[in-house]
Amino acid sequence: MDPKERERKIEHWFGMWLRKEEPAIEELFTPDCLYTESWGPEYRGSEAVEHWFREWNTRGRVIAWEIRRYTHAEERSYIEWFFEDRMDDGRTERFDGISVIEWQNGRIASLKEYGCRIPHYDPYAQERPAASETEKSWF
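Overview of the structure.

The amide bond that connects Ile118 to the next residue, Pro119, takes the cis arrangement and shows omega of 10°. Mapped onto the elements, Pro119 comes out in the segment after β6 (107–117). One non-glycine residue with positive phi stands out, namely Glu74, at about 50°. Tracing the backbone through its elements, the reader meets Glu74 in the loop between β3 (60–73) and β4 (76–87). Unlike most non-glycine residues, Asn105 shows phi in positive territory, near 50°.

Shown next as structure tokens:
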């Protein structure tokens, strides 16, 4: 598949979250796809991805999902991005991430997200490390 077509589909997926748009899952994902979020949840099959999309959007809103860079190699795409959401209970999340997408017949067969907490910091800017092992609550 042409890299521009891949990018169009990825932008459509991100945009659906930003606009709380009716999901076009069958256009974007294979029926037996696997979607893995950065902190561990996995959705097996396009029906599970659609269920998750609809259910999550009843509890929160994606504020930003900005694509920073695309890299394409054979049947894979790598996307660097920034993400921010706000949940109905007032919690917010902000992090940088990367998605690794495997394509099959023009649709997403596998999507794995990897996240990096914000703010970024130099733990050795002071004499002692700024964060301890117990502060790693997200991963």
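Resuming the write-up.
On to helix α3 (residues 46–56), then. Side chains that are three or four residues apart share a direction in an α-helix, a result of its 3.6 residues per turn. Of the positions making up α3, those classed as buried are Ser46, Val49, Trp52, Phe53 and Trp56. The buried residues of α3 occupy one face: seen down the axis, they fall within an arc of 125°. Along α3, exposed side chains directed more than 90 degrees from the buried face belong to Glu47 and His51. Tucked inside the fold, the buried residues of α3 contact α1 (3–19), α2 (25–28), β1 (29–36), β2 (42–44), β3 and β4.

This paragraph deals with the sheet that holds β4. The strands making up a sheet associate through backbone hydrogen bonding, with each pair oriented either parallel or antiparallel. The strand order across the open sheet formed by 6 strands is β2-β1-β6-β5-β4-β3, and the pairing between neighbours is mixed. Looking at the sheet topology across the chains shown, the edges are occupied by β2 and β3. In this sheet, adjacent strand axes meet at a mean angle of 20° when their direction is disregarded. Judged from the 3 bridges that link them, β1 and β2 form a sheet pairing that is antiparallel. If you follow Leu34 over to β2, its bridge partner there is Arg44. Strand contacts of α1: β1, β3, β4, β5 (92–104) and β6, with the helix running at about 170° to β3, the strand carrying the most contacts.

Within the structure shown, the criterion is met by 14 salt bridges. Ionic pairing is found between Glu50 and Arg54, a salt bridge with its closest N-O pair at 2.8 Å. A residue pair is termed a helical-turn pair when its members lie 3 or 4 positions apart in one helix, as Glu50 and Arg54 do in helix α3 at 4 residues. Accessibility expressed as a relative area gives 23% for Glu50, which makes it partly exposed. A relative accessible area of 37% places Arg54 in the partly exposed class. One continuous salt-bridge network, built from bridges that share partners, spans Glu5, Arg8 and Glu27.

Thresholds, definitions, all that
- Residues numbered from 1 in each chain as written.
- Predicted model: local features only at pLDDT ≥ 70, side-chain atom pairs only at ≥ 80, totals over all residues.
- Heavy atoms only, no water.
- Helix = DSSP H or I, 4+ residues; strand = E, 2+ residues; numbered from the N terminus.
- Buried < 20%, exposed > 50% of the residue type's maximum accessible area, 1.4 Å probe, protein only.
- Arc of directions from axis to C-beta.
- Contact = heavy atoms within 4.5 Å.
- Pairing = 2+ DSSP bridges.
- Axes fitted to C-alpha atoms, helices over the stretch in contact; angles between N-to-C directions.
- Salt bridge = Lys/Arg side-chain N within 4 Å of Asp/Glu carboxyl O.

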